[in-house]
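Secondary and tertiary structure notes
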Amino acid sequence: MSQAAPLNRRMITISIMLATIIQALDGTIANVALPHMQGSLSASQDQITWVLTSFIVATAIATPLTGWMCDRFGQKNIFLAAVAGFTIASVLCGLSGSLAEIVAARMLQGVFGAALVPLSQATLLDINPREKHGSAMAVWGMGVMIGPILGPTLGGWLTDSYNWRWVFFINVPVGAMAFYGIWRYIGRSPAPRKMRFDAFGFVTLSLAIGALQMLLDRGEQNDWFAATETWVEAILLALSFAWFATHTLMRPAGQSFFDYRLLRNTNYVGGLLFIFIVGMVLFATRALTPTMLQSLMGYPAAVAGLVTAPSGLGTMIAMMLAGRLVGKLDLRLLLGAGFAITAFSLWQMTRYTLVLSQSDIIWPGIIQGLGLGLVFVPLSAATFATLSPQMRAEGTAIYSLMRNIGSSIGIALVQTLLVRNTQTVHSALAEKITTANPALLDNLATPQAAALLNNEITRQASMIAYVDDFWLMLILTLCVLPLLLLIRPPSNAAPGEPALAAHAD
């Protein structure tokens, strides 16, 4: 089967990246609209967070289904169904008149949207010759990164200029163009394999993933293991995953829901580990900085978005550069350089104080973006370089799942440490307020003065807690460098190529 013609390859790329962008956007675009939804839908602050939680959990549960669905029904058919379902679910979100309706619609969005990112990655690998995989992964990486970068800004503009419903309606024209392009330019997939569905494996894995996402998303709100809900989720996670692992290992290869032959590929396993760490560092850091700027330094939301957005510019520049270098330089050199640059940017962040200029925020962000861009592209290329094309759909699904789980764990970890370290440091600083300083006691003669002093101690304690989180991200980044030895330089011939050339008519 021949490779796609240049025109078709270009149109396929545009079409599938449109689908990727709307899915990536919806992970963050609704965040800034939550207060407006809360009033419109008469929901409490605790209840409205289910608009985010339902989407995250549904996406996580449905992602591992991608490989089996493609084998059973064909990759093009699943792609079309995913785009159509996601677009229709977006309309339902925008038309929702109650909390129950929008949560149900967001779950549908998550179920249908789960396949879009892994299928776009698999398709780009399939339609491009191996020497262009670096450039293809650069394009894919930019599409994936646009969502977290533009989501809050675009969501805020749509909500302020129109209303929160347009956060979802904006997906309709983009989804329609993506659907037409995929239908028109992607040819028939190879004949689907009539694979039996491993229902027990799917159910146990889904329960484990769903319990993990619920635990991470609601843990801090529930004070972690002080709440019965957290214990229930932790026990369900442990039991479900144990059942899934035992069941999978006892079945013949190729007959279980998860094909454990993927784990025999050293590059693929190393890639899963790296993308897990990247998810933790990338999304955790980007979750910390805007809240730090707004809560401690009084930045308006729009300004905080503007000073953090240049990190995305750095990422895109690095991805375009890395796309050209993949195949010309050892992938491990690019990965090492990317992690080293990321570590340097995090070191700069550990020097933050309450007195910062905007350039003090922008430049470390740009440098971190450059480092992550240099990591993202060669990591994707190296992970799938030695994986057979027949296993790409399932491989990319697990790859996306690990990135999402890493980001969920990273955000939960830094938010928990932020709250607890703030309390610990606040107590330590407050102990320094003693009667040994008469001048200080004179200034605490009124309740207002005592409240002002307490607020300042809280600000200082919070800043120290943020710096501690940046130190944690720095240490995680440095610890991953020795693991580059797990990555083997791919040979010139990829296994099983050529693959799905029927992607082009």
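Overview of the overall build of the protein chain
When you go through the protein chain residue by residue, the secondary structure sums to 21 helices and zero strands. Put simply, the protein chain has 505 residues, and 54% of those count as buried. Total accessible area on the protein chain is roughly 21,700 Å²; 67% of this is exposed by carbon and sulfur atoms.

Considering the environment of Leu333
Checked against the element boundaries, Leu333 lands in helix α17 (residues 331–349). Overall, Leu333 belongs to the exposed group, its relative accessible area being 58%.

Points about helix α16 (residues 310–325)
In a regular helix each residue adds 1.5 Å, so 16 residues correspond to 22 Å; α16 covers 23 Å between its end C-alpha atoms and thus fits that length. For α16, the set of buried residues is Pro310, Ser311, Gly312, Gly314, Thr315, Ala318, Met319, Ala322 and Gly323. Just downstream of α16, Gly327 is the residue with a positive phi angle, here 100°.

Some words on the packing of helix α5 (residues 65–73) against helix α6 (residues 75–95)
Viewed as axis vectors pointing N to C, α5 and α6 meet at an angle of 120°, and their least axial separation amounts to 7 Å. Taken as axis vectors, α5 and α6 run oblique relative to one another. Of the residues in α6, those touching α5 at Met69, Cys70 and Phe73 are Gln75, Asn77 and Ile78. Here the contact of α5 with α6 is composed, by residue class, of four nonpolar, two polar and no charged.

Digging into a nonpolar patch on the surface
A cluster of nonpolar side chains, namely Phe200, Phe225, Trp231, Ile235, Leu239 and Trp243, defines an oily patch on the protein surface of about 650 Å² accessible area. Of all the elements, helix α13 (residues 228–250) adds the most residues to the nonpolar patch, at four residues. On the secondary structure map, Ile235 appears in helix α13. Taking the relative accessible area as the measure of exposure, Ile235 reaches 48% and is therefore partly exposed.

Notes on the confidence of the model for the protein chain
Parts of the model with low pLDDT should not have their predicted coordinates read in detail. Averaged over all residues, the pLDDT of the protein chain is 80; the fraction at 70 or higher stands at 89%. Segment residues 1–5: pLDDT under 50, and 17 contacts once partners within four positions in sequence are set aside and those in other chains are kept. Scored below 50 in pLDDT, residues 492–505 makes 49 contacts in the model with residues more than four places away or belonging to other chains.

Describing the side chain of Asn265
For Asn265, the location among the structural elements is in the loop between α13 and α14 (266–297). In this structure the side chain of Asn265 is engaged in a polar contact, spanning 3.1 Å, whose partner is the backbone nitrogen of Asn267. A polar contact is formed between the side chain of Asn265 and the backbone nitrogen of Tyr268, at a distance of 3.0 Å. With near-sequence residues (within four places) excluded, Asn265 lies in contact with Thr386 and Leu387.

Things to note about the nonpolar core
In this structure, Trp140, Met292 and Met463 are the most contacted members of the largest nonpolar core, which totals 112 residues. A total of 17 residues in this core trace back to one element, the largest contributor, which is α14. When sequence neighbours within four positions are dropped, the list of residues in contact with Met292 reads Met297, Tyr352, Ile361, Met463, Tyr466 and Phe470. Counting 19 residues, the second largest nonpolar core, distinct from the first, contains Ala30, Leu34, Leu99 and Phe168.

Quick word on the side chain of Gln213
With respect to the helices and strands, Gln213 occurs in helix α12 (residues 199–218). Gln213 gets classed as buried once you look at its relative accessible area, which sits at 2%. Beyond its immediate chain neighbours, meaning those up to four positions away, Gln213 contacts Ile56, Val57, Ala60, Asn404, Ile405 and Ser408.

Parameters at a glance
- Residue positions are counted from 1 within each chain, in the order its sequence is given.
- The model is predicted, so local features are restricted to residues of pLDDT at least 70 and side-chain atom pairs to those at 80 or more, both for listing and for counting; the totals for chains, interfaces and linings are taken over all residues.
- In computing side-chain values, all of the structure's heavy atoms are included and hydrogens and water are not.
- By the criteria applied, helices consist of DSSP H or I runs no shorter than four residues and strands consist of E runs no shorter than two, each listed in order from the N terminus.
- Note on exposure labels: buried denotes an accessible area under 20% of the residue type's maximum, exposed denotes more than 50%, and partly exposed covers the range between, all computed with a 1.4 Å probe on protein chains only.
- Note that accessible areas follow from Shrake-Rupley with a 1.4 Å probe, and for residues the cover is restricted to the protein chains shown.
- One fewer than the residue count of a helix, multiplied by 1.5 Å, yields its expected span.
- Lines fitted to the C-alpha atoms define the axes, with helices restricted to the stretch that makes contact. Angles between their N-to-C directions range from 0 to 180 degrees.
- Comment on the angle field: the value is read as roughly parallel under 35 degrees, roughly antiparallel over 145, roughly perpendicular from 65 to 115, and oblique elsewhere.
- The contact criterion used is simple: two residues touch if any of their non-hydrogen atoms lie within 4.5 Å.
- Throughout this entry, Asp, Glu, Lys and Arg are counted as charged residues, while Ala, Val, Leu, Ile, Met, Phe, Trp, Tyr, Cys and Pro are counted as nonpolar. The remaining residues, Gly among them, count as polar.
- By definition, no residue in a patch forms a salt bridge, and every one has over 30% relative accessible area; like charges are joined within 9 Å, nonpolar side chains (Val, Leu, Ile, Met, Phe, Trp, Tyr) within 5 Å.
- For this document, the term salt bridge refers to a Lys or Arg side-chain nitrogen within 4 Å of an Asp or Glu carboxyl oxygen.
- Each residue carries a pLDDT score, the predictor's confidence in it, ranging from 0 to 100.
- Counting of polar contacts relies on pairs of N or O atoms within 3.5 Å, with two restrictions inside protein: one atom must be capable of donating a hydrogen and the other of accepting it, and residues adjacent in sequence are counted only when both atoms are side-chain atoms.
- Note on terminology: a nonpolar core comprises buried Ala, Val, Leu, Ile, Met, Phe, Trp, Tyr and Cys residues joined through side-chain atoms within 4.5 Å.

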